[in-house]
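What follows is the residue order along each chain.
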Amino acid sequence: MRGRTAQRLAVLAAVAALAACSTTRPAVTTEHDPWEPTNRITFRFNDILDETFFEPIAVGWDSLTWEYLRLSIDKAMLNLRFPVRLVGNLTQGELRATGTETSRFVINSTVGVLGFFDPAGHWGIEPRDADFGQSLGIWGIPAGPYLVLPVFGPSNPRDAFGFAVDTVLSAGPSLVSPVAGLVITGVNFVNTRALLLAAVRDAKHISLDYYVFMRNAFVQRRNRQIIGEIPEEEIDDDFYDIEDDE
Amino acid sequence: MTSTTSKTTSRPPSIAAIALGLGLAAVLLAGETRAEDARAVVQRGADDVLVILRDDSLSLDQKREKIEDIAYDTFDFERMSKLALARSYKKLDADQRVQFKEEFKRHLALTYGRSLETYSDEGIAIGNTREHKNGDVTVLGKVVGGKHDGATIDWRMRTRDDTWKVIDVIIEGVSLIANFRSQVQEIVKSRGPAALIMQLRDKNDAEELKDP
């Protein structure tokens, strides 16, 4: 058993070392959407599902709880996702962030009462969000076409695979107790949706085409997560070029 | 105010060297001043909006009106509408371009005004600036407190008549202009410019009728 753990750690360390040495350029996610007709149907299905079930439950949760409690639960859920960030940071060669995330998990799980509080953040130990799809993107694996997943929403084949890996990585509570796992998943879903109530309403209000709005927002955000802060010399200023005298 | 010191050398510096040094210093200071000016405009706008949001003596309608006024002062709607249209710009005739600009301006002001409905005591910390090769400056900021604590919000700025104006807002890496451009292109491609303007107008009308 101990030998197997050591073997796994050695594999992870080797992957981290390779990732750290990698010179591959990160893969840019695009709005290429050849499956748009099917995606739009799935998107509409998700929206109806949300308006019929998830949103009303989230509204109820929102009215029954204090914002402080919802934010604390959100912090605890973030803490539980530590294995996802650990593997994500490690496979991206972010050794410093891996150490930081480990420190945050230890501090917040103990002093921070199972992660409901964030003393690590107060002490300046900031999180670095990472997931497996992001790692694949940083390794240069193309995203593939835009894909709307039933229930889970905007994605692409690469990130859908990454999401499956992250789901396995965050399945710890379910392994300890399936009931606890279900409760945690349910509370996380409802609590997150409650925190997004205003954002989703705003998005629907301000968008001319909600489907395209979400697709573009997903792609832009994913690129920011994968490519990170773009160096000044690589920024495409053409995007902002217009002729003022027209 | 910054002060500079120089080492004394045995040979007096040539006039050309002094001119070059002064020129370089002027360029550096000008860059710093430009970025600082842009930053000050964003800081003032954010401060003014927060004062209005926190003023309990104002009704929601009054708040919305005042925030929309700030948006009209701070944003360069003309450039923003052109940036949002991008290659679709040429597909609109002169009259449609004017209509689009007006509706887009209304849309952004209404969107900005909506912020008051979801406001829950957050603050904005204005941070560093980033200068771009074409002269634009991006002012970097973060939300402080509330449920969006730590979310990044950046303002891309460009001068018009020597005054810095916002030409894009980038929230958590998502550019408002890039997002709008994507929607505009989809609608113009599938239904044409007239449908785009009509949809935008209908959206704005519905938003104005909506109870705050």
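Please read these numbers as outputs of a predicted model, since none were measured by experiment.

Asker: In this structure, what is going on with the overall build of chain A? I would like to understand it.
Answerer: Along the backbone of chain A there are twelve helices and two strands. Listed by position from the N terminus, the elements making up chain A come as α-α-α-α-α-α-α-β-β-α-α-α-α-α. The buried share of chain A, reckoned over its 246 residues, is 39%. When the accessible surface of chain A is summed, it comes to about 13,700 Å², and 68% of that surface belongs to carbon and sulfur atoms.

Asker: What is the right way to look at the packing of aromatic side chains in this model?
Answerer: Think of a pair of aromatic rings as described by two things: how far the centres are apart, and how the planes are tilted against each other in angle. Going through the model one piece at a time under the given rule, you end up with 14 aromatic pairs over all chains. Taking 6.1 Å as the distance between ring centres and 55° as the angle between the ring planes, the aromatic pair formed by Tyr146 of chain A and Phe218 of chain A counts as tilted. Of this pair, Tyr146 of chain A sits in the loop between helix H7 (132–138) and strand E1 (147–149) while Phe218 of chain A sits in helix H12 (residues 210–227), and the two are 72 residues apart along the sequence. Here Tyr146 of chain A and Phe218 of chain A have matching classes, each one buried. Taken together, the ring pairs in this structure connect Phe43, Tyr146, Tyr210, Tyr211 and Phe218 of chain A into an aromatic cluster. The aromatic ring of Tyr89 of chain B is capped on one face by Arg97 of chain B, whose charged end is 4.0 Å from the ring centroid.

Asker: So what exactly am I meant to see when it comes to the nonpolar core here?
Answerer: In a soluble, globular protein the nonpolar side chains are often hidden away together inside. Core analysis: the largest hydrophobic core is formed by 40 residues, its most contacted members being Phe100, Phe104, Val139, Trp155, Met157, Phe180 and Leu196 of chain B. Broken down by secondary-structure element, the contributors of at least two residues to this core are helix H1 (15–53), helix H3 (77–85), helix H4 (94–114), strand E2 (137–144), strand E3 (152–160), strand E4 (163–171), helix H5 (176–191) and helix H6 (193–209) of chain B. What Met157 of chain B contacts, discounting residues up to four positions off in sequence, is Ala38, Val41, Val42, Asp136, Val137, Val139, Trp164, Lys165, Val166 and Ile167 of chain B. Judged by nonpolar contacts, the second largest core, of twelve residues, contains Tyr146, Val148, Tyr210 and Val219 of chain A.

Asker: Please explain a negative patch on the surface as it appears in this structure.
Answerer: All names here are of chain B. On the surface, a cluster of negative charge is contributed by Asp61, Glu65, Asp69 and Asp73. You can see Asp69 is positioned in helix H2 (residues 60–74). A relative accessible area of 45% means that Asp69 is categorised as partly exposed.

Asker: Teacher, can you tell me more about unusual backbone geometry here?
Answerer: Excluding glycine, most residues fall at negative phi; most peptide bonds, likewise, are trans. The backbone of Leu114 of chain A sits at a positive phi, close to 60°, despite the residue not being glycine. With respect to the element layout, Leu114 of chain A can be found in the loop between helix H5 (95–110) and helix H6 (119–122). Here the phi dihedral of Ala86 of chain B falls at roughly 45°; this positive angle occurs in a residue that is not glycine. Considering the arrangement of structural elements, one finds Ala86 of chain B in the loop between H3 and H4.

Asker: What should I look at first to understand the side chain of Asn79 of chain A in this one?
Answerer: Considering the arrangement of structural elements, one finds Asn79 of chain A in helix H3 (residues 67–80). Not counting the four nearest positions on each side in its chain, Asn79 of chain A is found in contact with Arg85, Arg104, Phe105, Asn108, Ser109, Leu114 and Gly115 of chain A.

Asker: For this particular structure, what's the right way to read a nonpolar patch on the surface?
Answerer: Residue and element names in this part refer to chain A. Together, Trp66, Tyr68, Leu69, Val113, Leu114, Phe116 and Phe117 make up a nonpolar patch on the protein surface, roughly 790 Å² of accessible area in all. Here Val113 shows up in the loop between H5 and H6. Using a relative accessible area of 46% as the deciding quantity, one classes Val113 as partly exposed.

Asker: Explain the packing of helix H2 (residues 36–64) of chain A against helix H10 (residues 178–195) of chain A to me, please; I cannot follow it from the model alone.
Answerer: Helix-helix packing: each pair is described by the crossing angle between the helix axes and the interaxial distance. All names here are of chain A. The interhelical angle for the contact between H2 and H10, taken along N-to-C directions, is 85°, at an axis separation of 8 Å. In terms of axis orientation, H2 runs roughly perpendicular to H10. Taking contact as the criterion, the partners of Asp50, Phe54, Glu55, Ile57, Ala58, Trp61 and Asp62 in H2 are, on H10, Phe189, Val190, Asn191, Arg193 and Ala194. Partitioning the contact of H2 with H10 into residue classes produces seven nonpolar, one polar and four charged.

Asker: Can you walk me through the interface of chain B and chain A in this structure?
Answerer: Size of an interface, as often reported, equals the accessible area lost when the parts are brought together. The interface is formed by 43 residues belonging to chain B together with 37 residues belonging to chain A. Counting the surface lost from both chain B and chain A, the interface buries some 3,600 Å², and carbon and sulfur atoms represent 48% of this. Summed over the shared surface of chain B and chain A, the result is three salt bridges. In this structure, Glu186 of chain B engages Arg40 of chain A in a salt bridge whose closest nitrogen and oxygen atoms are separated by 3.6 Å. The interface formed by chain B and chain A holds 17 residue pairs in polar contact (both at pLDDT 80 or more) in total. Taken together, the elements giving at least two residues each to the side of chain B that touches chain A come down to H3, H4, strand E1 (123–131), E3, E4, strand E5 (174–175), H5 and H6 of chain B. A total of nine residues in the side of chain B that touches chain A trace back to one element, the largest contributor, which is H5 of chain B.

Calculation notes
Residues numbered from 1 in each chain as written. Chains lettered and ligands numbered in written order. Predicted model: local features only at pLDDT ≥ 70, side-chain atom pairs only at ≥ 80, totals over all residues. Heavy atoms only, no water. Helix = DSSP H or I, 4+ residues; strand = E, 2+ residues; numbered from the N terminus. Buried < 20%, exposed > 50% of the residue type's maximum accessible area, 1.4 Å probe, protein only. Areas by Shrake-Rupley, 256 points an atom, 1.4 Å probe, with all protein chains shown as cover. Phe/Tyr/Trp six-rings, centres within 6.5 Å; stacked < 30°, edge-to-face > 60°. Lys NZ or Arg CZ within 6 Å of the ring centre and 35° of its normal. Core = buried A, V, L, I, M, F, W, Y, C linked by side-chain atoms within 4.5 Å. Contact = heavy atoms within 4.5 Å. Patch = residues over 30% accessible without salt bridge, like charges linked within 9 Å, V, L, I, M, F, W, Y side chains within 5 Å. Salt bridge = Lys/Arg side-chain N within 4 Å of Asp/Glu carboxyl O. Lys, Arg positive; Asp, Glu negative; His and termini not counted. Charge placed at Lys NZ, Arg CZ, Asp CG, Glu CD. Axes fitted to C-alpha atoms, helices over the stretch in contact; angles between N-to-C directions. Parallel < 35°, antiparallel > 145°, perpendicular 65-115°, else oblique. Nonpolar A, V, L, I, M, F, W, Y, C, P; charged D, E, K, R; others polar. Buried area = accessible area lost by both parts, 1.4 Å probe. Polar contact = N/O pair within 3.5 Å; in protein donor to acceptor, adjacent residues only side chain to side chain.

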